[in-house]
Amino acid sequence: MIKIKNLSKKFDKTLSLDNVSLELVKGDAIALMGANGAGKTTLIRSILGYYHPSSGSVEVKGLDPIKARTEVLKHVSFVPQLPPPIKLSLGELIYYVCQSSGVEEARIYHYATQMKLDVKANLHKSFFKLSGGMKQKLLIAISLAKESEIVIYDEPTANLDPKARDDFYALIQESQKEKLTLFVTHRIEEVESIVNREIYMDMGKVVSDERC
Ligand SMILES: Nc1ncnc2c1ncn2[C@@H]1O[C@H](COP(=O)(O)OP(=O)(O)O)[C@@H](O)[C@H]1O
Ligand SMILES: [Mg+2]
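Not measured: the values here are computed from a predicted model.

Caption draft 1: A look at the nonpolar core. Ranked by internal contacts, the top residues of the largest apolar core, which has 38 residues, are Ile108, Val119, Leu138, Tyr153, Phe168 and Phe183. Counting only elements with at least two residues in this core, the list comes to strand 3 (29-33), helix 3 (90-101), helix 4 (105-114), helix 5 (132-145), strand 6 (150-154), helix 6 (162-175) and helix 7 (188-191). Per element, the largest residue contribution to this core is 7 residues, and it comes from helix 5. Shared between two domains, this core takes at least three residues from each, and those domains are domain 1 (1-75 + 150-159 + 176-212) and domain 2 (83-147). Discounting chain neighbours no more than four positions away, the residues touching Val119 are Leu90, Ile94, Tyr109, Ala112 and Leu138.

Listed below in structure tokens is the structure:
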């Protein structure tokens, strides 16, 4: 589903990705690990078409994520590490997501409830004003409601308490089949039972890639 060939990305003098080649296939549930600055977020942003490669190429379902960004993003659910500063109310945001991505509103409510987020009580509140954990829960609910073939989480549990983490992993486990799931994480013990592939990066390179 995702083919990365000899991908390098340079910002001024920093080589953030150094000749990375990876093939990510359906059914892969991947833990992407490595120290801060290893290049994980740059790799994800390259997959999402945010960055032009300095050299090499990225293909998502056979498409160039820069040239065919809209088409590519239809197949992808992405939860960033830091929630975007969205000023819309929850009601407006959910309406927007449903209209723009064809997501069923009832599914967002369903997953929000599973994540113990009371959407109805907060419908008129700005997304911006929710706590970090509430934002994360809503973004997770939307990502699951979207039923994408490719699901990418950049440190999804960073703002969640232990109970919410358990809820999240239980939901992931039941929704995961037939997908490609990529987690950036510093806590391998949390995802160990869910993933079947562990990729480590260091200084812009993939230093290990093992099926487990
Ligand atoms: N937009 C950018 N502009 C300049 N340098 C960047 C940018 N994004 C990332 N970098 C640099 O690239 C390297 C890898 O960063 P990043 O991909 O965010 O690592 P990670 O997500 O593994 O912590 C770091 O040295 C970082 O400073
Ligand atoms: Mg990062």
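Back to the text.
Caption draft 2: Structural detail: the site of ligand 1. Surveying the vicinity of ligand 1 reveals the residues Phe11, Thr14, Ser16, Ala35, Asn36, Gly37, Ala38, Gly39, Lys40, Thr41, Thr42 and Tyr51. Separating an oxygen atom of ligand 1 from a backbone N or O atom of Gly37 is a distance of 2.7 Å. Between ligand 1 and Gly39, the relevant distance is 2.9 Å, taken from an oxygen atom to a main-chain nitrogen or oxygen of the residue. Expressed as a share of its isolated accessible area of 560 Å², the protein-covered part of ligand 1 is 63%. For the shell around ligand 1, the secondary-structure elements that each account for two or more residues are strand 2 (14-24) and helix 1 (40-47). No other element matches the 3 residues that helix 1 contributes to the shell around ligand 1. Residue classes in the shell around ligand 1 are distributed as 4 nonpolar, 7 polar and 1 charged.

Caption draft 3: Structural context of the sheet that holds strand 7 (residues 180-184). Taken in spatial order, the 6 strands line up as 5-6-7-3-8-9 in an open sheet, and their pairing is mixed. Each edge of the open sheet is held by one strand with a lone partner, namely strand 5 (76-79) and strand 9 (205-211). Adjacent strand axes in the sheet meet at a mean angle of 15°, parallel and antiparallel pairs treated alike. Pairing of strand 8 (residues 197-202) with strand 9 involves 6 bridges; the strand directions are antiparallel. Paired with Arg197 across the two strands is Arg211, which belongs to strand 9. Across the sheet, helix 5 touches strand 5 and strand 6, and the angle it forms with strand 5 is around 170°.

Procedures and definitions
- Residues numbered from 1 in each chain as written.
- Chains lettered and ligands numbered in written order.
- Predicted model: local features only at pLDDT ≥ 70, side-chain atom pairs only at ≥ 80, totals over all residues.
- Heavy atoms only, no water.
- Core = buried A, V, L, I, M, F, W, Y, C linked by side-chain atoms within 4.5 Å.
- Buried < 20%, exposed > 50% of the residue type's maximum accessible area, 1.4 Å probe, protein only.
- Helix = DSSP H or I, 4+ residues; strand = E, 2+ residues; numbered from the N terminus.
- Domains from an automatic or database assignment.
- Contact = heavy atoms within 4.5 Å.
- Near = heavy atom within 4 Å.
- Polar contact = N/O pair within 3.5 Å; in protein donor to acceptor, adjacent residues only side chain to side chain.
- Areas by Shrake-Rupley, 256 points an atom, 1.4 Å probe, with all protein chains shown as cover.
- Nonpolar A, V, L, I, M, F, W, Y, C, P; charged D, E, K, R; others polar.
- Pairing = 2+ DSSP bridges.
- Axes fitted to C-alpha atoms, helices over the stretch in contact; angles between N-to-C directions.

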